[in-house]
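Now for the letters of each chain:
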Number of protein chains: 2
Amino acid sequence: MQTSIKNVAFAGSGNVAWHLALELKLKGYHISHVWSREYTNADELAKSCGSVACADIAGLREGSDLIIIAVADDAINDVARSIGKFDGIVVHTAGSVAMDILKHSFEHYGVLYPLQTFSKETAVHFADVPFLLEASSPEVLKAINQVALKLSPRVYDADSQKRMLLHIAAVFASNYSNLMYVISNEILNNSNLPPDIMYPLIQETAQKIMKGDPLKMQTGPARRHDDTTIEKHIAALASMPEYADLYRLLANLISKKYK
Amino acid sequence: MQTSIKNVAFAGSGNVAWHLALELKLKGYHISHVWSREYTNADELAKSCGSVACADIAGLREGSDLIIIAVADDAINDVARSIGKFDGIVVHTAGSVAMDILKHSFEHYGVLYPLQTFSKETAVHFADVPFLLEASSPEVLKAINQVALKLSPRVYDADSQKRMLLHIAAVFASNYSNLMYVISNEILNNSNLPPDIMYPLIQETAQKIMKGDPLKMQTGPARRHDDTTIEKHIAALASMPEYADLYRLLANLISKKYK
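A few points on the structure. Since the structure is predicted, the reported quantities are computational estimates derived from the model, not experimental observations. (Residues numbered from 1 in each chain as written. Chains lettered and ligands numbered in written order. Predicted model: local features only at pLDDT ≥ 70, side-chain atom pairs only at ≥ 80, totals over all residues. Heavy atoms only, no water.)

A few points about the interface of chain A and chain B
Argument step 1. In this assembly, 85 residues from chain A lie in contact with 85 residues from chain B.
Argument step 2. Buried surface at the junction of chain A and chain B, both sides included, amounts to about 8300 Å², of which 67% is carbon and sulfur.
Argument step 3. Linking E242 of chain A and K256 of chain B is a salt bridge whose minimum nitrogen-to-oxygen distance equals 2.2 Å.
Argument step 4. If you look at where chain A meets chain B, you find 42 residue pairs in polar contact (both at pLDDT 80 or more).
Argument step 5. Elements with a contribution of two residues or more to the side of chain A that touches chain B: α5 (160-190), α6 (199-208), α7 (214-217), α8 (227-236) and α9 (241-257) of chain A.
Argument step 6. In terms of residue count, the dominant contributor to the side of chain A that touches chain B is α5 of chain A (26 residues).
Argument step 7. Of the residues in the side of chain A that touches chain B, the class split is 48 nonpolar, 22 polar and 15 charged. (Contact = heavy atoms within 4.5 Å. Buried area = accessible area lost by both parts, 1.4 Å probe. Salt bridge = Lys/Arg side-chain N within 4 Å of Asp/Glu carboxyl O. Polar contact = N/O pair within 3.5 Å; in protein donor to acceptor, adjacent residues only side chain to side chain. Helix = DSSP H or I, 4+ residues; strand = E, 2+ residues; numbered from the N terminus. Nonpolar A, V, L, I, M, F, W, Y, C, P; charged D, E, K, R; others polar.)

Put into structure tokens, the structure is as follows:
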């Protein structure tokens, strides 16, 4: 095992692999190999970060100090078992997969979980991205900590249970707040109102939470126990019964917090 | 009725009245009077915008071209009826109250609805705030349109039904996305994780929607139909059964959109 990592290989070529590989390259690491289920995808990413694609996953081991497995959660186990005997460090990048999934395949392993939503079209400001680390030994932790700190100053230790709770919190804060934007957008579309009319309110709401507890920042009819408005709104959603039910459920959740 | 408005009076001294009065003052309007149920609140706002508080609500009529009623939705009717005979324009600022609530009390009336979440502690960038207008006549619309355009270039016409649908969309986009932040925060607190770990993800999620349809921006386990992760998350929320149920409901809503 190399404690000062210089050569990094990637299993996977999705959004997380893509952004991480380009950023590591930018920070001076050599991307030794890229493997993906689809060779053309591996090749595309490899070309973008001065690396080489390998058709055989075992090729990832060659000249690598660290292999980053950035594939779908349910593929991690198979991918790990296919890599073969490797003396370096292997990490996965998943929020809700326990570190121990790597235990049977490797001696030195860990997790490097970036808490961010990655899309290929959108640039990632890595300096803002929190990284959650877990490792099979203090030596591995030290080695991957050095890598993480090159990417971002916001590096935390978290065991598998804590990391999963953080992932759940992120599902609410990101995936489910985005669902609220989706629903809002549908209502606007049905009313022939332009989607951008909502942008300033959405930005202001997201920015407010950085000024204090979101519980204190809550506004709206449910917070005020304004049942007249709540019932008017639910009646107006009659043609979208799923959203009417959801409106009532969420109004009740808020209302209970301000008894 | 004065078609070129110069003197504006306020009924109410809450967050909306406060921000609107200061901004109108800044844009060169004279704030003729402020009335509030609590005289000391009216006095505080009046002093902040070079105005005078009146103890009797009928005092609002004196020297005013426009009276803005910015009070709780269920108080608008009473406040309107207490103002008395007034030849100028009277508007309310509520999203989900029909304009006609003012019909029996005034000849010239309308609605000036700012689509934003107002807190006393937070500065409002009025140039970004959409204003939704409705008026009892084209002349009133023209007069309040001039006022709104001094506050923001984003001025729209909307009848009472459309305005209410916009308000409902805003409840989802703002109040309910904030509830998602609240839940996320509770989970972080229970796990001894700092709240600011989630800030970059929340900001990125909010900013992404300005790049395209939020339906395309959706990420997370439900979008990927990753049932293993979804069930793990729901099991981990066993000690918070309301949030476990909500997690499942929202996951199902997302999942159905990507069949």
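Describing the environment of P194 of chain A
Argument step 1. Structurally, P194 of chain A is set in the loop between α5 and α6.
Argument step 2. Spatially, the C-alpha atom of P194 of chain A lies 20 Å from that of A206 of chain A, the residues being 12 residues apart in sequence.
Argument step 3. Among all residues touching P194 of chain A, those that are not within four sequence positions of it are L188 of chain A together with Y156 of chain B.

Things to note about the state of the cysteines
Residue and element names in this part refer to chain A.
Argument step 1. Following the criterion strictly, the structure yields zero disulfides over all chains and no others.
Argument step 2. Here C49 stays unpaired: no disulfide links it, and the sulfur of C54, its closest cysteine neighbor, is 12 Å away.
Argument step 3. What makes C49 buried here is its relative accessible area of 0%. (Disulfide = S-S within 2.5 Å. Buried < 20%, exposed > 50% of the residue type's maximum accessible area, 1.4 Å probe, protein only.)

A word on the environment of V90 of chain B
All names here are of chain B.
Argument step 1. Counting through the fold element by element, V90 comes out in strand β5 (residues 89-92).
Argument step 2. With a relative accessible area of 0%, V90 lands in the buried category.
Argument step 3. Residues V90 and I69, 21 residues apart in the sequence, show an inter-C-alpha distance of 7.3 Å.
Argument step 4. Discounting residues that sit within four places of it in the chain, V90 has contacts with I67, I69, L102, F106, H108, Y109 and G110.

Quick word on the sheet that holds strand β2 (residues 30-35) of chain B
For sheets, the rule is that strands pair by backbone hydrogen bonds, running either parallel or antiparallel.
Residues and elements named next belong to chain B.
Argument step 1. The strand order across the open sheet built from eight strands is β3-β2-β1-β4-β5-β6-β7-β8, with neighbouring strands paired in mixed fashion. Each edge of the open sheet is held by one strand with a lone partner, namely β3 (52-53) and β8 (155-157).
Argument step 2. The sheet contact formed by strand β1 (residues 7-11) and strand β4 (residues 66-69) spans four bridges and is parallel. Within β4, the residue paired with V8 across the bridge is L66.
Argument step 3. Each of β1, β2, β4, β6 (108-114) and β7 (131-135) touches helix α1 (residues 15-26); the most contacted strand, β1, lies at about 170° to it.
Argument step 4. In the packing of helix α4 (residues 138-151) onto the sheet, the strands contacted are β4, β5, β6, β7 and β8, and the crossing angle to β7 comes to about 165°. (Pairing = 2+ DSSP bridges. Axes fitted to C-alpha atoms, helices over the stretch in contact; angles between N-to-C directions.)

Some thoughts on the pattern of salt bridges
A side chain with one charge may pair with a side chain of the opposite charge, provided their charged atoms come close.
Residue and element names in this part refer to chain B.
Argument step 1. Considering all chains together, one arrives at 16 salt bridges over all chains under this definition.
Argument step 2. With its nearest N and O atoms 3.1 Å apart, the salt bridge here joins E23 to K27.
Argument step 3. Judged by relative accessible area, E23 falls into the buried class, the value being 14%.

Details of the pairing of strand β1 (residues 7-11) of chain A
Residue and element names in this part refer to chain A.
Argument step 1. Of all five residues that make up β1, four are buried, and the element is covered over most of its length.
Argument step 2. Across four bridges, β1 lies against strand β2 (residues 30-35) in parallel orientation. Within the sheet, the bridge partner assigned to N7 lies in β2 and is H30.
Argument step 3. Handedness of the crossover is the feature at issue here: the chain leaves β1, passes through helix α1 (residues 15-26), returns alongside β2, and the resulting connection is right-handed. (Right-handed = clockwise from strand over helix to strand, strands pointing away.)

Focus: the relation of the copies chain A and chain B
Argument step 1. You can overlay chain A on chain B at an RMSD of 0.0 Å; the transform is a turn of 180° with a shift of 0.0 Å along its axis. Those values place the two copies in the arrangement expected of a two-fold rotation axis. Taking the C-alpha atom as reference, chain A places S177 of chain A closest to the rotation axis, 2.3 Å from it.
Argument step 2. Residue by residue, 100% of the interface of chain A is reproduced at the interface of chain B, so both copies engage with the same surface. (Least-squares fit on C-alpha atoms with pLDDT ≥ 70 in both.)

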